[in-house]
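Residues per chain are reported as follows:
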Amino acid sequence: MKKLALSLFAIFTYIACQAQHFDLIPLGIYGGEQEDNLSAYLVGIPSDTTFLSLDAGTINTGIRKAIQLKSLNGSVETVLRNQIKGYFISHGHLDHLSGLIINSPADSKKNIFAIAPVLQILQNHYFITDTWINFGDQGQKPILGKYHYTTLQEGITTSVQNTPLSLTAYELSHVNPYKSSAALVQHDNHYLLYLGDTGADRVEKSNQLDKLWRSIAPLIKQKQLNSILIEVSFPNSQPENLLFGHLTPNLLLEELQNLKEKTGLKNLEGLTIVVTHRKPTGNNPKIIKNELLKNNPLKVNYIFPEQGKKINLN
């Protein structure tokens with residue numbers, strides 16, 4: 001009987017592991033103000049200790065918090081230097097890359113992945129003598145060469161060296177014509193989508209989200225893509241002319257409706273939406289959460305990340 005119980009436990013454990021395709025560790029979750037808790041998410045796979053950092057607003061404090069919560073193992077130095085193998089930077093705003101800049105002296109050699117306009121911002125405005133020093137491998141001299149700039153071409157898949165992951169970039173509009181971007185992360189035949197800051201197409205007078213939804217809709221229909229990280233910065237009370245390239249709960253629903261139509265599905269039940277970049281002003285995070293949960297006709301599964309707390313994604 002004991003052997004049977006152990007066998008059943010092993011089977012259930014195997015099935016559970018098979019269903020879980022990505023580990024997500026939030027190093028920072030907010031979209032401003034709290035400099036120790038800004039947008040940065042480590043993504044990896046179960047039973048592996050290598051990660052790609054999706055944006056890098058907060059790094060050191062987030063690693064410390066994750067170690068305290070046992071989401072990461074090792075020292076802060078070990079995680080920074082040996083476990084984080086690269087950074088995807090969605091756009092050039094400080095709340096998405098300040099942790100990368102500040103921690104660069106203590107970091108090890110690795111890649112920065114971004115679309116060309118974002119890499120130009122790093123080269124021309126951050127990694128220069130007047131603001132820091134050039135830890136990149138291009139740009140103003142002296143060039144320290146710690147970080148290798150890897151230019152992402154929209155729709156073209158790029159391997160993340162020293163990890164089992166690859167990624168594909170898509171442009172977003174964040175106060176049109178300013179460019180932000182999304183990363184479609186892949187391991188085997190499973191995908192996770194991370195979006196940097198983005199406004200709704202209708203407000204931005206753009207079609208970037210529509211193009212992205214067309215690209216990923218087949219993956220959702222085939223159940224290869226089950227998780228999307230997307231920003232909701234403001235409550236519904238925020239006027240559309242004061243969104244500055246961000247989403248509200250109503251605008252997220254508007255965009256998810258568009259995505260649903262492209263999948264041909266009745267709803268998006270089974271799709272996990274990790275809500276990122278809530279502005280921490282006043283009671284905004286709680287209001288945004290309540291507004292999303294109260295109006296969920298598409299039956300998505302909302303997750304509201306906490307700094308340092310691991311999220312298991314299928």
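All figures in this text were calculated on a predicted structure; none of them were measured in a lab.

Asker: How do you make sense of the overall build of the protein when you look at a structure like this?
Answerer: Each helix and strand in the protein was counted, giving nine helices and 15 strands. Here the C-alpha radius of gyration of the protein, 19 Å, is about what a compact globule of 314 residues would show, namely 20 Å. Considered along the principal axes of its C-alpha atoms, the protein spans approximately 65 × 55 × 40 Å. Residue pairs at least 24 apart in sequence account for 62% of intrachain contacts in the protein once pairs closer than 6 positions are excluded. Looking at the protein as shown, the accessible area adds up to about 14,000 Å², and 52% of this sits on carbon and sulfur atoms. Within the protein, one finds 29 positive and 26 negative side-chain charges whose respective centroids are separated by 8 Å.

Asker: Can you walk me through the packing of aromatic side chains in this structure?
Answerer: One pair of aromatic rings is described through two measures. These are the centre distance and the angle between the planes. Under the definition given, this model contains six aromatic pairs. Measuring from ring centre to ring centre gives 6.4 Å for Phe-88 and Tyr-194, while their planes differ by 90 degrees; the resulting arrangement is edge-to-face. A residue pair is termed long-range when its members are at least 10 positions apart, and Phe-88 in strand E4 (residues 84–88) and Tyr-194 in strand E11 (residues 190–195) qualify at 106 residues. You can call Phe-88 buried: its relative accessible area is 0%. A ring pair is formed by Phe-127 and Tyr-147, whose centres lie 5.9 Å apart and whose planes are at 35 degrees; its orientation type is tilted. With a gap of 20 residues between them, Phe-127 in the loop between helix H5 (116–126) and strand E6 (134–136) and Tyr-147 in strand E7 (residues 143–151) connect regions that are remote in the sequence. With relative accessibility at 0%, the residue Phe-127 sits in the buried group. Ring-pair connections join several aromatic residues into one group, and the members of that group are Tyr-87, Phe-127, Phe-135 and Tyr-147.

Asker: I keep staring at the packing of helix H7 (residues 208–221) against helix H8 (residues 249–263) and nothing clicks. Help me out?
Answerer: When two helices pack together, their arrangement is given by the angle between their axes and by how far apart the axes lie. Here H7 crosses H8 at 50 degrees, and the two axes come no closer than 8 Å. Relative to H8, H7 is oriented oblique. The two elements H7 and H8 cross, and the hand of that crossing is right-handed. On H8, the residues touching Leu-209, Asp-210, Trp-213, Arg-214, Ile-216, Ala-217, Ile-220 and Lys-221 of H7 are Glu-255, Asn-258, Leu-259, Lys-262 and Thr-263.

Asker: What exactly am I supposed to notice about unusual backbone geometry here?
Answerer: Glycine aside, residues mostly have negative phi angles, and peptide bonds mostly take the trans form. The peptide bond linking Lys-141 to Pro-142 adopts the cis configuration, its omega dihedral lying at 0 degrees. The residue Pro-142 is located in the loop between E6 and E7 in this model. Across the junction of Asn-176 and Pro-177, the peptide omega takes the value 15 degrees, indicating a cis bond. With respect to the element layout, Pro-177 can be found in the loop between strand E9 (166–173) and strand E10 (179–187). For Glu-33, which is not a glycine, the phi torsion comes out positive at approximately 70 degrees.

Asker: Looking at this structure, how should I read empty space enclosed by the protein?
Answerer: Any space left empty among the atoms is revealed by the rolling of a water-sized probe across them. All chains considered together, the criterion is met by one cavity of 30 Å³ or more. Quantified by volume, the largest cavity comes out at close to 30 Å³. Contributions of two or more residues to the lining of the largest cavity are made by H8 and helix H9 (284–294). The biggest single contributor to the lining of the largest cavity is H8, with three residues. Taken together, the residues of the lining of the largest cavity sort by class into three nonpolar, three polar and one charged.

Asker: Would you explain the nonpolar core in this entry?
Answerer: Here is a general trend for soluble globular proteins: nonpolar side chains tend to be buried in one another's company. Formed by 55 residues in total, the largest nonpolar core has its most connected members in Val-43, Leu-52, Leu-54, Ile-63, Tyr-87, Ile-112 and Leu-122. With residues near it in sequence (within four places) discarded, Tyr-87 still touches Leu-52, Ser-53, Ala-56, Ile-59, Leu-80, Leu-100, Asp-107, Lys-110, Asn-111, Ile-112, Phe-113 and Tyr-147. Judged by nonpolar contacts, the second largest core, of 37 residues, contains Tyr-170, Leu-268, Ile-273 and Phe-304.

Definitions and limits used
Residues numbered from 1 in each chain as written. Predicted model: local features only at pLDDT ≥ 70, side-chain atom pairs only at ≥ 80, totals over all residues. Heavy atoms only, no water. Helix = DSSP H or I, 4+ residues; strand = E, 2+ residues; numbered from the N terminus. Rg over C-alpha atoms; globule rule 2.2 N^0.38 Å. Contact = heavy atoms within 4.5 Å. Areas by Shrake-Rupley, 256 points an atom, 1.4 Å probe, with all protein chains shown as cover. Lys, Arg positive; Asp, Glu negative; His and termini not counted. Charge placed at Lys NZ, Arg CZ, Asp CG, Glu CD. Phe/Tyr/Trp six-rings, centres within 6.5 Å; stacked < 30°, edge-to-face > 60°. Buried < 20%, exposed > 50% of the residue type's maximum accessible area, 1.4 Å probe, protein only. Axes fitted to C-alpha atoms, helices over the stretch in contact; angles between N-to-C directions. Parallel < 35°, antiparallel > 145°, perpendicular 65-115°, else oblique. Left-handed = near helix turned anticlockwise from the far one by under 90°. 1 Å grid on protein atoms, 1.4 Å probe; cavity = no way out; pocket = protein on both sides within 12 Å on 5 of 7 lines; lining within 4 Å. Points joined across faces, edges and corners; volume = space filled by probe spheres on them. Nonpolar A, V, L, I, M, F, W, Y, C, P; charged D, E, K, R; others polar. Core = buried A, V, L, I, M, F, W, Y, C linked by side-chain atoms within 4.5 Å.

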